[in-house]
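Fold and geometry: a report
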Amino acid sequence: MKVAVVGATGLVGTKMLQVLAERNFPVSELLPVASEKSVGKEITFRDKTYKVVSMTDAIAAKPDVALFSAGGSTSLEWAPRFAEAGITVIDNSSAWRMDPARPLIVPEINADILTADDKIIANPNCSTIQMVVALNPLHKRYGIKRVVVSTYQSVTGTGVKAVTQLENERKGVSGEMAYKYQIDLNVIPQIDVFLDNGYTKEEMKMVLETKKIMRDDNIRVTSTTVRIPVMGGHSESVNVEFAQDFDLAELRSLLEAAPGVVVTDDIANQLYPMPKDAHEKDEVFVGRLRRDETQENTLNMWIVSDNLRKGAATNAVQIAEYLAEKGLL
């Protein structure tokens, strides 16, 4: 299969190439695509060297699928051009997520809605993906009424510039700043821009995307998203109110049986999910499962996942795998 990776030199694009190789995706020809200034640069994939090509050259080469991770404005401009050429685009930006005509896909939950006519498919926000993977089996059984989520998000979610800022601060070196404030030894309660309602764009992504992916507009979600000085994955404290009461042992077994979920919840031995343990893994790790003792039918849980993998690259590759398996490419 001929595969284009748009934004191949970026943090997520590089991870997409790694995941394609690890999962043995059937790539017969690779087209690494990046901005004009990167055209001609070389990247390595499965021990072979490939030259970065331009957007127009990539479209002319007619790949079967294009994995986009090049930002919203690039996607808005170029994804329709790829789609018009008959190329299926799986886009990692926020550009198409809330477009009612475009599917927003987490394969474990709603890949069944995909058809051969879907030429632009949206990959959800990283913090949304890990949360809904854990919530979906519980929603099916108990019915979710309301979710209160606070996130603890890795600097890798911002990109290379933020990773460099954190590393520079740890070394005491001054350099380019990805954030307005120091991130080392600090916590920044802002991810993306503020909106008129006082929430950030990241917070509203979690609210709106959850409803769309889980196909239920009645789920109420409120979110606070926070950047913390870690690399390796995002963490989330999630409080979930159900329509029905639950048995904690049954709930745990539902999570243990859920695709893509690993339950790490052994407080006697102080075992719980942490970003350092989720790093370079594709699963969503869940722990600290306990009743909210202040309210009926309500659970507290802790969710951790590698935001560059399941939160971005792996989810996109899994969508491509599903399309290939179902003959939709």
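Residues numbered from 1 in each chain as written. Predicted model: local features only at pLDDT ≥ 70, side-chain atom pairs only at ≥ 80, totals over all residues. Heavy atoms only, no water.

As for the nonpolar core
Put simply, the rule reads: In this text, buried Ala, Val, Leu, Ile, Met, Phe, Trp, Tyr and Cys residues form a nonpolar core when linked through side-chain atoms within 4.5 Å. For every residue, the accessible area obtained with a 1.4 Å probe (protein chains only) is divided by the maximum for its type, and the residue is called buried under 20%, exposed over 50%, and partly exposed between those limits. Starting at the N terminus, helices and strands are each numbered in turn, a helix being any DSSP run of H or I of at least four residues and a strand any DSSP run of E of at least two. A contact between two residues is defined here by any heavy atoms of the two lying within 4.5 Å.
Membership of the largest hydrophobic core comes to 53 residues, with the highest contact counts inside it found for F82, V147 and M301. With eight residues, helix 5 (residues 126-142) is the largest single contributor of residues to this core. Those residues in contact with V147 that sit more than four places away from it in its chain are M131, L135, I219, R220, V221, T222, V238, N239 and V240. L17, V27, V65 and L67 belong to the second-largest nonpolar core, a separate cluster that totals 32 residues.

Let's talk about the pattern of salt bridges
Selection rule: Salt bridge criterion: a side-chain nitrogen from Lys or Arg within 4 Å of a carboxyl oxygen from Asp or Glu.
Under the counting rule described, the total for this entry stands at 22 salt bridges. Measuring nitrogen to oxygen at the nearest pair gives 2.9 Å for the salt bridge that ties K310 to E108. Residue K310 is found in helix 10 (residues 309-325), and its partner E108 is found in helix 4 (residues 107-110); the two are separated by 202 residues along the sequence. Assessed through its relative accessible area of 1%, K310 is described here as buried. E108 sits in the partly exposed class, given a relative accessible area of 22%. Its salt-bridge partner being D265, residue R252 comes within 2.9 Å of it at the nearest N-O pair. Taken together, the residues span a long stretch of sequence, with R252 in helix 8 (residues 248-257) and D265 in the loop between strand 11 (261-263) and helix 9 (275-278) at a distance of 13 residues. Using a relative accessible area of 24% as the deciding quantity, one classes R252 as partly exposed. With a relative accessible area of 17%, D265 lands in the buried category. By sharing partners, the salt bridges in this structure join K15, E22, R23, E280, D282, R309 and E321 into a single network.

Describing the sheet that holds strand 12 (residues 284-291)
The condition that has to hold: Strand pairing requires that DSSP identify at least two bridges connecting the strands. Fitted lines through C-alpha atoms serve as axes, helices being fitted only where they are in contact, and the angles separating the N-to-C directions of these axes extend from 0 to 180 degrees.
One open sheet accounts for six strands, arranged 9-8-10-13-12-11; its pairing is mixed. Edge positions in the sheet fall to strand 9 (220-224) and strand 11, since each of these pairs with one other strand and no more. Adjacent strand axes in the sheet meet at a mean angle of 25 degrees, parallel and antiparallel pairs treated alike. Summarising the sheet, strand 12 and strand 13 (residues 298-305) pair through six bridges and their orientation is antiparallel. Of the residues in strand 13, the one forming a bridge with R290 is N300. Helix-sheet contacts for helix 5 involve strand 8 (144-152), strand 10 (234-242), strand 11, strand 12 and strand 13, and the interaxial angle to strand 10 is about 25 degrees.

Let's talk about the pairing of strand 4 (residues 48-51)
Bridge analysis of strand 3 (residues 42-45) against strand 4 gives four bridges, and the strand direction is antiparallel. Across the sheet, the residue bridging to I43 is Y50, located in strand 4. Linking strand 3 to strand 4, which pair antiparallel, is a turn of two residues; within it R46 sits at a positive phi near 50 degrees.

Some remarks on unusual backbone geometry
Even without glycine at this site, R46 takes up a positive phi of about 50 degrees. Phi at D47 takes a positive value of approximately 65 degrees, unusual for a residue other than glycine. With respect to the helices and strands, D47 occurs in the loop between strand 3 and strand 4.

Thoughts on the pairing of strand 1 (residues 2-6)
Definition in use: Throughout, right-handed denotes a crossover for which the path from the first strand over the helix to the second runs clockwise when the strands point away from the viewer.
Burial analysis of strand 1 places four of its five residues in the buried class, which makes it a mostly covered element. Where strand 1 and strand 2 (residues 29-33) come together, five bridges link them in parallel fashion. Residue pairing across strands places A4 opposite L31, the latter belonging to strand 2. Crossover connection from strand 1 via helix 1 (residues 11-22) to parallel strand 2: handedness right-handed. When strand 1 meets strand 5 (residues 65-68), the two strands line up parallel, connected through four bridges. By the bridge assignment, V5 is partnered in strand 5 with L67.

A closer look at the environment of P124
With respect to the helices and strands, the residue P124 is situated in the loop between strand 7 (120-122) and helix 5. Expressed as a C-alpha distance, the spacing of P124 and R102, which sit 22 residues apart in the sequence, is 12 Å.

Details of the packing of aromatic side chains
Here the distance between the centres and the angle between the planes together describe a pair of aromatic rings. The test is simple: What counts as a ring pair is set by centres within 6.5 Å for rings of Phe, Tyr and Trp (its six-membered ring), and what kind of pair is set by the plane angle: stacked under 30 degrees, edge-to-face over 60, tilted for all other angles. Charge over a ring is defined by NZ of Lys or CZ of Arg lying within 6 Å of the ring centre and within 35 degrees of the ring normal.
Applying the stated rule across the entire model yields six aromatic pairs. What links up through ring pairs into an aromatic cluster is the set Y142, F242 and F246. Geometry around W78 places R81 over its ring, the cationic atom sitting 4.2 Å from the centre. One residue, R291, lies across the ring of F246, its end atom 4.1 Å from the ring centre.

What to know about the side chain of D282
Worth spelling out the cut-off: Think of a polar contact as two N or O atoms within 3.5 Å of one another; within protein, one of them needs to be a possible hydrogen donor and the other a possible acceptor, and neighboring residues in sequence only count if both atoms come from side chains.
By the element assignment, D282 lies in the loop between helix 9 and strand 12. Within the structure, D282 has its side chain in polar contact with the side chain of R309 (distance 2.8 Å). In this structure the side chain of D282 is engaged in a polar contact, spanning 2.6 Å, whose partner is the side chain of T314. When neighbours within four sequence positions are excluded, D282 is seen to be in contact with R23, R309, K310 and T314.

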